[in-house]
Amino acid sequence: MKLGKFAVSFARDTSLGVLSGVKSALTGSFEWCAKSLSEISETPTVNGTKFGEFLKDAGRSLGEAGSKTEEGLSRAFESTAQAMHTALEALSETESLIQRKVFENISVSSVVGESFAGMITTSEIQASFRLDGKDVSPEEVLADWKKSGSKKPILCVPGLFCDEGLWIKNGEPSFSEILIKENYYPFYLRFNPGSHISENGSKLLELVRKVLDDPELKKKKFDVVTYSQGGLILRSALYSSKKEGNPLSSNIQKVLFISSPDGGSYIEKVGFWLGLGAEAMPVFPVQLVGYIGNQRSEAMKDLSHGIIREEDWKEGTHLGRYGKDKYFGELDDIDAYQIYSFVSEEEGDWSSWIGDGIVEKPSLTLFSDSVFRKKSNPENRVKILKGLSHYQIMPSPELREYFLKIFLGK
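Read on for a plain summary of the structure. (Residues numbered from 1 in each chain as written. Predicted model: local features only at pLDDT ≥ 70, side-chain atom pairs only at ≥ 80, totals over all residues. Heavy atoms only, no water.)

**A look at the pattern of salt bridges**
No. 1: Under the defined criterion, the tally for this structure stands at 14 salt bridges.
No. 2: Here Arg130 and Asp135 are joined by a salt bridge, their closest N and O atoms 2.6 Å apart.
No. 3: A salt bridge links Asp335 to Arg381; the nearest nitrogen and oxygen atoms lie 2.6 Å apart. Here Arg381 lies in the loop between helix 15 (361-364) and strand 10 (382-386) and Asp335 lies in strand 9 (residues 335-342), a separation of 46 residues in the sequence. (Salt bridge = Lys/Arg side-chain N within 4 Å of Asp/Glu carboxyl O. Helix = DSSP H or I, 4+ residues; strand = E, 2+ residues; numbered from the N terminus.)

**What to know about the sheet that holds strand 7 (residues 222-227)**
No. 1: The strand order 4-3-6-5-7-8-9-10 describes an open sheet built from eight strands, whose pairing is mixed. Of all the strands in the sheet, just strand 4 (134-136) and strand 10 have a single pairing partner and so form its edges. Strand-to-strand twist of the sheet, defined as the mean angle between neighbouring strand axes without regard to direction, takes the value 30 degrees.
No. 2: Here strand 5 (residues 152-157) runs beside strand 7; their pairing, made up of four bridges, is parallel. Residue pairing for strand 7: Ile154 is matched across the bridge by Asp223.
No. 3: Here helix 4 (residues 138-148) sits on the sheet and contacts strand 3 (128-131), strand 4 and strand 6 (184-190); the angle it forms with strand 6, its principal contact strand, is near 160 degrees.
No. 4: Helix-sheet contacts for helix 9 (residues 229-243) involve strand 5, strand 7 and strand 8 (252-258), and the interaxial angle to strand 7 is about 135 degrees. (Pairing = 2+ DSSP bridges. Axes fitted to C-alpha atoms, helices over the stretch in contact; angles between N-to-C directions. Contact = heavy atoms within 4.5 Å.)

**So, the pairing of strand 7**
No. 1: Strand 7 sits mainly inside the fold: six of its six residues count as buried.
No. 2: Where burial is concerned, the two faces of strand 7 agree: the one with Phe222, Val224 and Thr226 and the one with Asp223, Val225 and Tyr227 are both buried.
No. 3: Here five bridges tie strand 7 to strand 8, and the two strands are oriented parallel to one another. Within the sheet, the bridge partner assigned to Val225 lies in strand 8 and is Leu256.
No. 4: Note that the unit made of strand 7, helix 9 and strand 8 has a crossover that is right-handed. (Buried < 20%, exposed > 50% of the residue type's maximum accessible area, 1.4 Å probe, protein only. Right-handed = clockwise from strand over helix to strand, strands pointing away.)

Rendered as structure tokens:
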């Protein structure tokens, strides 16, 4: 695409350069000839004769021809420039479309990450605040917040396979519509969902601290809602800030964790074991399938165990991470709540394994008793929905009711 734009730009510059040269040469030639004939017609030996009149007429004709030639070439110059400009605009739009569909594809990035086997770039998504479907700077989102007149900032942290559309497009009314109706200002975020959870946690911390530099916002506390892997990203940011001695918890009022896979996801666990088994087979085509299958994103590998710390994925082996600690006190000072769902209406071994269809029950409930219900008002800390999958919980009326109850007392 860049080569195509270069070719069109080169053709434009070359064509316009040639047209400009031809225009200059022709109009200059006509002007010189017309002037010369006019001067000759004024000489004493020719002036007043029929030949002198002929030279005058010829000079005037050449002058008019020169003007028309200049006018015609100017129109050609403008038409060529416009055509080349249109072609470049079309190429730019195509490049933008390819960028959005391929290199900014949330699903591809979630599965493969930023590159395939470190050789082919698959994603160029950067962590950012989002407005109207575009990345914006902290300064731009702050300006929009101030313009909105809202006094209640809320941070919306999406999960794997998601961007800000999670809050805007799910359900009737959408979660975003509920927030705006209640005078919240949603600070939407997008991450490269294939990056390590700890890396996205660091990016989240960096972005939030940039907006908290604003004196007006610094006086307020954020509410936060997270979905799925977004809960791990927030916990990672909280852990890092606490470790640095500048806890983000002091800037947070309430947090709602929606379907957070705190102990990992069995979907990723199964993927890892299948890939490992295929790579171990003494048959090259099967080994190749296993190798390709194991080129999953770093986020998905972290999701196998619910890893939120950088040191846990940098040290040791994948197998060695089973049994490691999952909680590091990051929610101790947070007014936190959780809601999750189970596909099955009935309790049983199968329902425990299947959980919400993506995350198993032991992962969803990992902190329910040990963290959430140890806080004040334990009876309101955990909400369980039955008969809904991981992806059905977001548009559900029960989720909206629970949010309004715990955040606004409705």
